[in-house]
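So you can see what is in the structure, the chains are spelled out below.
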Amino acid sequence: MKTNAPRPVHRWPVRIAHWVNLFAMVCMFMSGWEIYNASPLFGFRFPPQMTLGGWLGGAIGWHLAVMWLLAFNALCYLLWSLFSGHFRRDLLPLSARALRREIGQALTLRLQHHHGRYNAIQKLMYLGVLALGLLLVLSGLAIWKPVQLQGLVGLFGGFDTARYVHFFAMSAIGLFVVIHLLMVIIVPRTLWAMITGGKHE
């Protein structure tokens, strides 16, 4: 009698999208920091060792090239997630009640991690980073083509405001990455599952 093989924790489209995202986001952050350095919003600059492109023109070239890779990767992931049921099965539903309960558990160090199942906090973070990604794209387009996309620039309250929105959205995604890395350190088997697929408990 044949038995169905257990479904992996992370199927191969998720794993491929994850690692492409890793490369693309590193390049986007580093080239973005070089672009920021050319006209800082605040009283600091990023060290040259943390930037990519060498100068403003080179950084813009990197930023735009990797932008297309990131956009294509995101489109493939979103389409696969919708048609495969990944969104519905793994990221939904998300209730306020479950979120309040699990935030309380996390604050008292009682939140359990079940391998292969996202808790409410993880669902909120993953859905939130997708929303931040959309905000980054829209604000980035407003900065890139302010004349052609005047309506979009107006929605952000002007070119300068769009730059601030872009910076803070980038910073929020950076915070997500830091938290994500900390969770991997705390639960290292999650890294192996993203490489091999892993197995549900």
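Residues numbered from 1 in each chain as written. Predicted model: local features only at pLDDT ≥ 70, side-chain atom pairs only at ≥ 80, totals over all residues. Heavy atoms only, no water.

**With respect to the packing of helix 1 (residues 12-38) against helix 2 (residues 56-84)**
(1) Moving on: Closest axis-to-axis distance for the helix 1/helix 2 pair is 8 Å, and the angle between their directions is 155 degrees. Put simply, helix 1 runs roughly antiparallel to helix 2. Here helix 1 and helix 2 pass one another in a crossing that is left-handed.
(2) Moving on: A class-by-class count of the residues in the contact of helix 1 with helix 2 yields 21 nonpolar, 5 polar and 1 charged. (Axes fitted to C-alpha atoms, helices over the stretch in contact; angles between N-to-C directions. Helix = DSSP H or I, 4+ residues; strand = E, 2+ residues; numbered from the N terminus. Parallel < 35°, antiparallel > 145°, perpendicular 65-115°, else oblique. Left-handed = near helix turned anticlockwise from the far one by under 90°. Nonpolar A, V, L, I, M, F, W, Y, C, P; charged D, E, K, R; others polar.)

**Quick look at the pattern of salt bridges**
(1) Moving on: Considering all chains together, one arrives at 1 salt bridge under this definition.
(2) Moving on: Among the salt bridges present, the one from arginine 101 reaches glutamate 102, with a minimum N-O distance of 3.8 Å.
(3) Moving on: Exposure remark for arginine 101: the relative accessible area of 45% places this residue in the partly exposed category. (Salt bridge = Lys/Arg side-chain N within 4 Å of Asp/Glu carboxyl O. Buried < 20%, exposed > 50% of the residue type's maximum accessible area, 1.4 Å probe, protein only.)

**With respect to the UniProt feature "transmembrane region" (unreviewed entry) in the chain**
(1) Moving on: Within the UniProt annotation, "transmembrane region" (unreviewed entry) is assigned to residues 12-33, 53-80, 124-144 and 164-187.
(2) Moving on: The span residues 53-80 is 89% helix and 0% strand, and its two end C-alpha atoms sit 33 Å from each other.
(3) Moving on: Taken end to end, residues 124-144 is 100% helix and 0% strand, and its two terminal C-alpha atoms sit 30 Å from one another. (UniProt positions renumbered as here; feature names shortened; annotations may be inferred.)

**Here's the deal with the side chain of lysine 123**
(1) Moving on: With respect to the secondary-structure elements, lysine 123 resides in helix 5 (residues 120-144).
(2) Moving on: One buried charged residue, lysine 123, remains without a salt bridge, the closest side chain of opposite sign being glutamate 102 at 7.6 Å.
(3) Moving on: For lysine 123, the residues in contact, after removing those within four places along its chain, are Asp90, Leu91, Leu92, Pro93, Leu94 and Tyr118. (Lys, Arg positive; Asp, Glu negative; His and termini not counted. Contact = heavy atoms within 4.5 Å.)

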